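Reading the structure
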Amino acid sequence: MSIQRIETGPRMSQAVVHQKTVYLAGQVADPDAGPSVYTQTQQALASIDRLLAAAGSDKTRILSATIWLTDMDTFADMNRAWEAWVVPGATPARATVLSARLAAPEYRVEIGVIAAQA
């Protein structure tokens, strides 16, 4: 069984495909995105779109998503971006972790997904 790794770096791969399942690393916004959780969520979702396409999948094939937020008060802003992005009728199982401590202080939201290949 082959394993495909996408955007492999010294610490991790941004995506790994095995047996027609796509596993994405947690996606965050660019460091210069600013503090807006809405904007950071949009950028993380755009990265997810790009990586899923590279892996032969798309957001309608996401099986599960985990979202980490640093501040409970930003939950509505994240949801606003999320709900504008997901496809009605193709929403994945989802968990949201509130008050998480992320890898760098400028990151306020991180999103990881698992998807099926097309």
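To be clear, the structure that these remarks concern was listed above.
Conventions and cut-offs
- Residues numbered from 1 in each chain as written.
- Predicted model: local features only at pLDDT ≥ 70, side-chain atom pairs only at ≥ 80, totals over all residues.
- Heavy atoms only, no water.
- Helix = DSSP H or I, 4+ residues; strand = E, 2+ residues; numbered from the N terminus.
- Rg over C-alpha atoms; globule rule 2.2 N^0.38 Å.
- Lys, Arg positive; Asp, Glu negative; His and termini not counted.
- Charge placed at Lys NZ, Arg CZ, Asp CG, Glu CD.
- Buried < 20%, exposed > 50% of the residue type's maximum accessible area, 1.4 Å probe, protein only.
- Pairing = 2+ DSSP bridges.
- Axes fitted to C-alpha atoms, helices over the stretch in contact; angles between N-to-C directions.
- Contact = heavy atoms within 4.5 Å.
- Left-handed = near helix turned anticlockwise from the far one by under 90°.
- Nonpolar A, V, L, I, M, F, W, Y, C, P; charged D, E, K, R; others polar.
- Phe/Tyr/Trp six-rings, centres within 6.5 Å; stacked < 30°, edge-to-face > 60°.
- Lys NZ or Arg CZ within 6 Å of the ring centre and 35° of its normal.

This part is about the overall build of the chain. Summing up its helical and strand segments, the chain has two helices and six strands in all. Here the C-alpha atoms of the chain give a radius of gyration of 14 Å, agreeing with the 13 Å that 2.2 N^0.38 yields for 118 residues. The C-alpha extent of the chain, read off along each of the three principal axes, is 45 × 35 × 20 Å. Charged side chains of the chain number 10 positive and 11 negative; the gap between the two group centres comes to 8 Å.

With seven of eight residues buried, strand 6 (residues 109-116) is to be regarded as a mostly interior element. Sheet topology places strand 3 (residues 21-24) next to strand 6; three bridges connect them, and they run antiparallel. Across the sheet, the residue bridging to valine 22 is alanine 115, located in strand 6. Note: strand 4 (residues 62-69) against strand 6, seven bridges, orientation antiparallel.

In spatial order, the strands read 1-2-3-6-4-5; together these six strands make up an open sheet with mixed pairing. On the outer flanks of this sheet lie strand 1 (3-8) and strand 5 (93-97), each paired with one strand and no other. Neighbour-to-neighbour, the strand axes of the sheet open up by a mean angle of 10 degrees, direction not taken into account. Bridge count between strand 2 (residues 13-18) and strand 3: four bridges; the pairing is antiparallel. Residue alanine 15 lies in a different strand from strand 3, and its bridge partner there is leucine 24.

What follows concerns the side chain of serine 47. Its location among the elements puts serine 47 in helix 1 (residues 37-54). Overall, serine 47 belongs to the buried group, its relative accessible area being 15%. Not counting chain neighbours up to four residues away, the residues in contact with serine 47 comprise Gln27 and Val28.

We now examine the packing of helix 1 against helix 2 (residues 75-85). Two elements in contact, helix 1 and helix 2, have axes separated by 8 Å at closest approach and are oriented at 35 degrees. Crossing of helix 1 over helix 2 shows right-handed handedness. In this structure, helix 1 uses Val37, Tyr38, Thr41, Gln42, Leu45, Ile48 and Asp49 to contact helix 2, whose residues at the interface are Asp77, Met78, Arg80, Ala81, Trp82 and Trp85. Taken together, the residues of the contact of helix 1 with helix 2 sort by class into eight nonpolar, two polar and three charged.

Here the focus is the pairing of strand 1. Across five bridges, the pairing between strand 1 and strand 2 is antiparallel. From the neighbouring strand, threonine 8 faces strand 2, where its bridge partner is serine 13. Joining the antiparallel neighbours strand 1 and strand 2 is a turn of four residues.

Let us look at the packing of aromatic side chains. Going through the model one piece at a time under the given rule, you end up with one aromatic pair. Pairing tryptophan 82 with tryptophan 85 gives two aromatic rings, centres 5.4 Å apart and planes at 50 degrees, and the pair type is tilted. Here tryptophan 82 and its partner tryptophan 85 are both found in helix 2, three residues apart, which amounts to about one turn of the helix. Of the two residues, tryptophan 82 and tryptophan 85, both sit in the buried class. Directly above the ring of tyrosine 38 sits arginine 80, whose terminal nitrogen or CZ lies 3.9 Å from the centroid. The lysine or arginine in question, arginine 94, covers the ring of tryptophan 82, its NZ or CZ lying 5.3 Å from the ring centre.

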